[in-house]
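Next come the chains, spelled out residue by residue.
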Amino acid sequence: MALLNFKKRDAVEPGPVNPTVEAFLKGYSIEVMPRTAEKIEDFRALLPQDTRVYIAHIDGTPIEDMVATAKRLANEGFPVMPHFPARIIKDAATLENWIAMYQGEAGVDQALLLAGGVAEPHGAFHCSMQLMETELFDKAGFKRLHVAGHPEGNRDIDPDGSSKNVNEALQWKQKFSERTDAEMALATQFAFEAKPIIEWAEGLKRAGIDLPIHIGIAGPAKLQTLIKFAIACGVGPSLKVLQKRAMDVTKLLLPYAPKDVITELASHKAANPDFNITNVHFFPLGGIKTNANWAIENGGDSTRPVRPA
């Protein structure tokens, strides 16, 4: 009798899980870059079927590498959402070309639009709203557009530490969502403390912004790695959670995992079903495999990957 030759799974088998957390993790997304994606032999051994995979576009990454990564992920069966950072896109012709490449090579019909992490624009655009105003995504038939959210503010946008400019931009995007057929959502920067996230999300709702929120969560990683990324990304008050942990010698060398923040958010969601945080978006700062395995261990069957044939 012939033996079945299954590909070895990278993920671990989950044990008992918190059903509230399991429900909250269902439909999570994850972010990759071309250079990190290259290290993964087969995403189907790690991620649940139909997991949305964002592809971060870092300044200097050739568009050809971005499109090749999108094509590879699409071929493995995953919906792909590439970043379109306004400040590194030279002009409308470049934007139109990028859209055409993604569609032609990978069938992409969704995008994350954001300003981008460079101080000075490379060309005509400096914010995501200008990308939206070109109407090129609408003309190309994109079905879903996500925009950035900042639970703890953004010093690049509001140097005075307020949220004035950020909130005005969100009001504009809310109105855009009301006059377009595109499905829209906020994909946020990561934070480490649930209470400020909940207060921010509920504040948006009171302000009339009802876009679904896909909350950014830093995946498991070494504490030193997280602190480095948090400072570089401008994470605000919740950074103290990591700093407090770093002061405890017994915890300094232990890896951080997002169990506490996710459990608290999940509990709030269970108690308040209309809570506007609808999905988790992982930043796998400690590695894609590490993050995916943590999700499996904590999410049960709903986040179990489907073994490729």
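Calculation rules
As a convention, each chain's residues are numbered from 1 in the sequence order in which they are written. In keeping with the model being predicted, local features are shown solely for residues with a pLDDT of at least 70 and side-chain atom pairs are shown and tallied solely at 80 or more, while totals for entire chains, interfaces and linings include all residues. Processing note: side-chain calculations cover all non-hydrogen atoms of the structure and skip hydrogens and water entirely. Helical segments are the DSSP runs of H or I of at least four residues, strand segments are the runs of E of at least two, and each set is numbered from the N terminus. We call a residue buried when its accessible area falls under 20% of the maximum for its residue type, exposed when it is over 50%, and partly exposed in between, using a 1.4 Å probe and counting protein chains only. Contacts between residues were defined by any pair of non-hydrogen atoms, one from each residue, lying within 4.5 Å. All accessibility values rest on the Shrake-Rupley procedure with a 1.4 Å probe; residue burial counts only the protein chains present in the view. A side-chain nitrogen of Lys or Arg and a carboxyl oxygen of Asp or Glu constitute a salt bridge if their distance falls within 4 Å. In this analysis, rings of Phe, Tyr and Trp, with Trp reduced to its six-membered ring, are considered paired at centre separations within 6.5 Å, and the interplanar angle assigns stacked below 30 degrees, edge-to-face beyond 60, and tilted for intermediate values. Geometrically, a charge over a ring is one whose NZ (Lys) or CZ (Arg) sits within 6 Å of the ring centre while staying within 35 degrees of the ring normal. We define a polar contact as two N or O atoms separated by no more than 3.5 Å, with the added condition that, inside protein, one atom must be a possible hydrogen donor and the other a possible acceptor, whereas residues neighbouring each other in sequence contribute only through side-chain atom pairs. For two strands to be treated as a pair, DSSP must find at least two bridges joining them. Working convention: axes come from line fits to C-alpha atoms, limited for helices to the stretch in contact. Angles between N-to-C directions cover 0 to 180 degrees. Multiplying 1.5 Å by the helix residue count minus one yields the expected span of that helix.

Draft legend 1. Highlighting the overall build of the protein chain. Along the protein chain, the regular secondary structure elements total 13 helices and eight strands. Buried positions account for 49% of the 309 residues belonging to the protein chain. At a minimum sequence separation of 6, the contacts of the protein chain that also span at least 24 residues come to 80%. Entry remark: accessible area of the protein chain is about 15,200 Å², with carbon and sulfur atoms responsible for 52%.

Draft legend 2. Spotlight on the pattern of salt bridges. In this structure the tally under the stated criterion is six salt bridges. A salt bridge links R144 to E183; the nearest nitrogen and oxygen atoms lie 2.8 Å apart. With R144 in strand β5 (residues 144-149) and E183 in strand β6 (residues 183-190), this residue pair connects regions lying 39 residues apart in the sequence. According to the relative accessible area criterion, R144 is buried, its value standing at 16%. The partly exposed category is assigned to E183, whose relative accessible area is 46%. Ionic pairing is found between K205 and D274, a salt bridge with its closest N-O pair at 3.5 Å. With K205 in helix α8 (residues 194-206) and D274 in the loop between α12 (259-271) and β8 (277-283), this pair connects stretches of sequence that are 69 residues apart. The partly exposed category is assigned to K205, whose relative accessible area is 39%.

Draft legend 3. Up close: the side chain of H214. Structurally, the position occupied by H214 is in strand β7 (residues 213-218). Apart from residues lying up to four places away in sequence, H214 is in contact with R52, Y54, H146, A185, L186, A187, T188, T278, N279 and H281.

Draft legend 4. Main features of the packing of aromatic side chains. Taken as a whole, this structure holds ten aromatic pairs when the rule is applied. Ring geometry for F190 and F192: centres 5.6 Å apart, planes at 70°, overall edge-to-face. Accessibility classification places F190 together with F192 in one group, the buried group. Seen in terms of ring centroids, F190 and F283 are 5.4 Å apart; in terms of plane orientation they differ by 65°. Their pairing is edge-to-face. In this pair, F190 sits in strand β6 while F283 sits in strand β8, placing the two residues 93 residues apart along the sequence. A residue is classified by how much of its surface remains accessible, and F190, at 2% relative accessible area, is buried. Exposure remark for F283: the relative accessible area of 13% places this residue in the buried category. Ring pairing ties together the aromatic residues F84, W98, Y102, F137 and F142, which thus form one cluster. The cationic tip of R179 hangs over the ring face of W172; the distance from NZ or CZ to the ring centre is 5.4 Å.

Draft legend 5. Representation of the side chain of Q110 within the structure. Positionally, Q110 belongs in strand β4 (residues 110-114). Note on Q110: relative accessible area 6%, which makes it buried. Engagement of the side chain of Q110 in a polar contact is seen with the side chain of R52, the distance being 2.7 Å. Ignoring anything within four residues of it in the chain, the contact list for Q110 reads R52, P79, V80, M81, P82, F142 and R144.

Draft legend 6. Representation of unusual backbone geometry in the model. Of note, the phi angle at D50 is positive, near 70°, even though the residue is not glycine. Here D50 is to be found in the loop between α2 (34-37) and β2 (53-55). A residue is classified by how much of its surface remains accessible, and D50, at 55% relative accessible area, is exposed. Non-glycine residue E135 carries a positive phi angle of around 65°. Along the polypeptide, E135 turns up in the loop between α5 (128-133) and α6 (136-139). Classification of E135 by relative accessible area gives partly exposed; the value is 47%.

Draft legend 7. Layout of the sheet that holds β6. The strand order β1-β2-β3-β4-β5-β6-β7-β8 describes a closed barrel built from eight strands, whose pairing is parallel. This sheet shows a mean twist of 30° between the axes of neighbouring strands, independent of strand direction. Sheet topology places β4 next to β5; four bridges connect them, and they run parallel. Within β5, the position partnered with Q110 by the bridge is R144. Helix α3 (residues 63-75) rests against β1 (29-32), β2 and β3 (80-85) of the sheet, and its axis sits at about 170° to β2.

Draft legend 8. Structural context of α8. Over its 13 residues, α8 extends 18 Å from the first C-alpha to the last, a length consistent with the 18 Å expected when each residue adds 1.5 Å. In this fold, the buried residues of α8 make contact with β5, α7 (164-178), β6, β7, α12 and β8. Within two residues after α8, G208 carries a phi angle of roughly 85°, on the positive side.

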